[in-house]
Structures are given as structure tokens and as C-alpha cells.
Protein chains: 2
Amino acid sequence: MTEIRPFRDPDWSSVWPMLQATFAAGDSYSFAPDIGEAEARRIWIDAPLATFVAEEDGEILGTYFIKPNQPALGAHVCNCGYVVAARAQGRGIAARLCEHSQRWAVEQGFRAMQFNFVVASNERAVRLWERLGFSVVGRLPGAFRHHRLGFVDALVMFKTLAP
Amino acid sequence: MTEIRPFRDPDWSSVWPMLQATFAAGDSYSFAPDIGEAEARRIWIDAPLATFVAEEDGEILGTYFIKPNQPALGAHVCNCGYVVAARAQGRGIAARLCEHSQRWAVEQGFRAMQFNFVVASNERAVRLWERLGFSVVGRLPGAFRHHRLGFVDALVMFKTLAP
């Protein structure tokens, strides 16, 4: 049984290696592949409004953050980032995290969710977000420097949550 | 003769009222209309890579900041914000600031410039950026809470600077 619950301090020792591995891959997030632990903690835990983890039998399998995507006059649209542990890929955990984040966002009064920078070559992610109701509303030519493919497009994806 | 030059500390007493008036209008930037001086200074001066001012006969008529729009793997695309004093509107100062920022960006090695959040109802701005070579590459439905019009779309605009 996978439970999604708020991040607690002792979770960091599981979350950090997951973030480190994901960013090091250089194919999905723009954060430095050699990001330091303090900076990772700042962006994933301290800066966001909230951070959640997916836990199963005491093991952390995934995590997401949520925050307003803009200040005051744009703060009704939220932004999230999701990471799933390599060993837990393909089990639908990213989808469950995203569904959880949408429900939580609505409870907090957010009216929409925006992903600013979905790497176009990350087709599995693009398909997943589309399946979960997001639309591609923008394309940024060559905005992501992929570790293997060079400059690739990044997509802006958006979902209205409340009328 | 209008000169565009790097921001210096004594300029703040001219720049701050200009920012304050622009944000207070609630029709172009998402920053809180009642933003405090310290926060305005953080976003316009401290956080960016550089800030410039347009000066004429010792008077500051406009200002812009420039910064990478994303961390490491997206840091080849820059982002700018421009503000012109109310009394200097309609004299082409925004265009000159934007042209200056594009040249400076290229010198710094940026390959493109992106505006994340151009309020769609701000038609003068949209037309100006289009005239200066930017394209609308995305539309964010209802992402801006306009002080008078309610929820309006925001546009993502983009210009490739280097091949």
C-alpha cells in the first residue's frame, strides 16, 4: 500500500539520493547535474509551499513539491515537480503523485497547474501529463541543453483545475 | 541624449518609485501591487544577473533586469523585465532598453530571450515585443489576475538570439 503524505525531516536521507540521481541524468530537469545537497534541499523542501512523499512499507519511492508559479497576481496557478526512485519506475507512482497534487492544489484554492519546462524528448512524461489532463500550451525552441541530444525544445503544459 | 548604463546604488531612489507605480497598476506584472521596497529591490536588483537604467540629463527614465530564465541546463536562455517611468512613456525607451538587453545578452553568451508572463491585455507591450522580433510561443489561460479585467491570459514570448 503506497501512502502519499507530507515530507518530514527524516525523509531527506531517502529523498536526496533520488533527486541527485534524477538531476545527474541531465535529461529531465534543468538543475545542475552536479547539484549540491544544500541547494537541492533549498529548491525541493525550503522554497516550495509544501513537499510530499510516496511511502510504501517504510520506504520512500517518490516525492513532489508544490508552489505558486508566480507572485501575487499569478499565484492562483501552481507549479509542481515530481521525482520517482529508479527502482520504483513503471509502477504508476508519478501518476499517483500528480493526482494527489491536483487534489491538494484544489483544496488550497489553486485554479490551475502549470509545468514550465517539460523536456520534449522526455516523451513518457509528456504522454503521462497529457493522460492526466494537461495540454501543451507552449513550446520553447532549444531551451533545454540535454546531456546527450544537445539543445532540445521544452514544453509548457497547463491544466485548469477550477472553473 | 538617452544613455543606457549599469544600475548604481544612488539610482535606487529613482528606480523604486517607478517600479512601485508600475506594480501598483496591477495590469502588467504579477508582483503584489502593494509590494514593499525591500522585496522590490530583491527582485529587480539583487536576484538578477545585472540591472541597467536609461538616463537622460541626469534623470532616470527606465530600467531593466536580465537573468538566466532557468538553472544550469536552461541557463542559455535569459529573461528580462522592463519598466519605463510614466512621464517618459511613448518615447521609444522600452524599445531601446530591449534592444540594449538583446545585445548585452549576446555578449554574455545567451542564445535566446524568453518572457514568461506577458499579460495578453497589455497589447502595446505584445506589439512592441513582436516588432522587436519576439514570437508568442505559448498562451496561459487565465493565468493573470488583472485588477480590472479579472482573469486574463498571459503569453510566453521567445526570441532566438544566436543560431
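Note that this is a predicted model, so its numbers are computed, not measured.

Thoughts on the overall build of chain A
Moving on, step 1. Of regular secondary structure, chain A possesses 4 helices and 7 strands.
Moving on, step 2. Ordered by position from the N terminus, the helices and strands of chain A form the series β-α-α-β-β-β-α-β-α-β-β.
Moving on, step 3. Principal axes of the C-alpha set define a box for chain A whose edges measure 40 × 40 × 30 Å.
Moving on, step 4. Put simply, chain A has 163 residues, and 55% of those count as buried.
Moving on, step 5. Taking the intrachain contacts of chain A between residues at least 6 apart in sequence as the baseline, contacts between residues at least 24 apart amount to 61%.
Moving on, step 6. The distance from the centre of the 17 positive side-chain charges to the centre of the 17 negative ones in chain A is 5 Å.

Quick notes on the interface of chain A and chain B
Moving on, step 1. At the junction of the two partners, chain A supplies 28 residues and chain B supplies 28 residues.
Moving on, step 2. When chain A packs against chain B, close to 2300 Å² is buried across both sides, 65% of that on carbon and sulfur atoms.
Moving on, step 3. Put simply, chain A and chain B have 0 salt bridges between them.
Moving on, step 4. At the level of secondary structure, the elements contributing two or more residues to the side of chain A that touches chain B comprise β5 (112-119), β6 (135-146) and β7 (150-160) of chain A.
Moving on, step 5. Of the residues forming the side of chain A that touches chain B, the biggest block, 9 residues, is contributed by β6 of chain A.

Notes on the pairing of strand β3 (residues 59-68) of chain B
Residue and element names in this part refer to chain B.
Moving on, step 1. When you tally the buried positions in β3, you get 7 out of 10 residues, the bulk of the element.
Moving on, step 2. Between strand β2 (residues 50-56) and β3, which follow one another and run antiparallel, lie 2 residues, and aspartate 57 among them has a positive phi close to 50 degrees.
Moving on, step 3. Relative to strand β4 (residues 77-84), β3 is paired through 7 bridges, and the arrangement is antiparallel. Residue pairing for β4: proline 68 is matched across the bridge by cysteine 78.

A closer look at the pattern of salt bridges
Moving on, step 1. Counted under the stated rule, the structure contains 14 salt bridges over all chains.
Moving on, step 2. Linked by salt bridges that have partners in common, Arg5, Asp11 and Glu55 of chain A make up one network.

Details of the packing of aromatic side chains
What describes a pair of aromatic rings is the distance from one ring centre to the other and the angle between the planes of the rings.
Residues and elements named next belong to chain A.
Moving on, step 1. Under the counting rule described, the total for this entry stands at 32 aromatic pairs over all chains.
Moving on, step 2. Arranged with centres 4.8 Å apart and planes meeting at 90 degrees, the rings of tryptophan 44 and phenylalanine 65 form a pair that is edge-to-face. Here the residue tryptophan 44 occupies a position in helix α2 (residues 37-46), and phenylalanine 65 occupies one in strand β3 (residues 59-68), the gap between them amounting to 21 residues.
Moving on, step 3. The class for tryptophan 44 is buried, based on a relative accessible area of 0%.
Moving on, step 4. Chaining the aromatic ring pairs together yields one cluster made of Phe52, Tyr64, Tyr82, Trp104, Phe115, Trp129 and Phe134.
Moving on, step 5. Lying across the ring of tryptophan 12, arginine 41 places its NZ or CZ 5.4 Å from the centre.

Considering the packing of helix α3 (residues 93-107) of chain B against helix α4 (residues 123-131) of chain B
All names here are of chain B.
Moving on, step 1. Here α3 crosses α4 at 45 degrees, and the two axes come no closer than 11 Å. On the basis of the axis angle, α3 is oblique to α4. At the point where α3 passes α4, the crossing takes the right-handed sense. Between α3 and α4, the residues in contact are Ala94, Ala95 and Cys98 and Leu128, Trp129 and Arg131, respectively.
Moving on, step 2. Here the residues of the contact of α3 with α4 are counted per class, giving 5 nonpolar, no polar and 1 charged.

How each quantity is defined
- Residues numbered from 1 in each chain as written.
- Chains lettered and ligands numbered in written order.
- Predicted model: local features only at pLDDT ≥ 70, side-chain atom pairs only at ≥ 80, totals over all residues.
- Heavy atoms only, no water.
- Helix = DSSP H or I, 4+ residues; strand = E, 2+ residues; numbered from the N terminus.
- Buried < 20%, exposed > 50% of the residue type's maximum accessible area, 1.4 Å probe, protein only.
- Contact = heavy atoms within 4.5 Å.
- Lys, Arg positive; Asp, Glu negative; His and termini not counted.
- Charge placed at Lys NZ, Arg CZ, Asp CG, Glu CD.
- Buried area = accessible area lost by both parts, 1.4 Å probe.
- Salt bridge = Lys/Arg side-chain N within 4 Å of Asp/Glu carboxyl O.
- Pairing = 2+ DSSP bridges.
- Phe/Tyr/Trp six-rings, centres within 6.5 Å; stacked < 30°, edge-to-face > 60°.
- Lys NZ or Arg CZ within 6 Å of the ring centre and 35° of its normal.
- Axes fitted to C-alpha atoms, helices over the stretch in contact; angles between N-to-C directions.
- Parallel < 35°, antiparallel > 145°, perpendicular 65-115°, else oblique.
- Left-handed = near helix turned anticlockwise from the far one by under 90°.
- Nonpolar A, V, L, I, M, F, W, Y, C, P; charged D, E, K, R; others polar.

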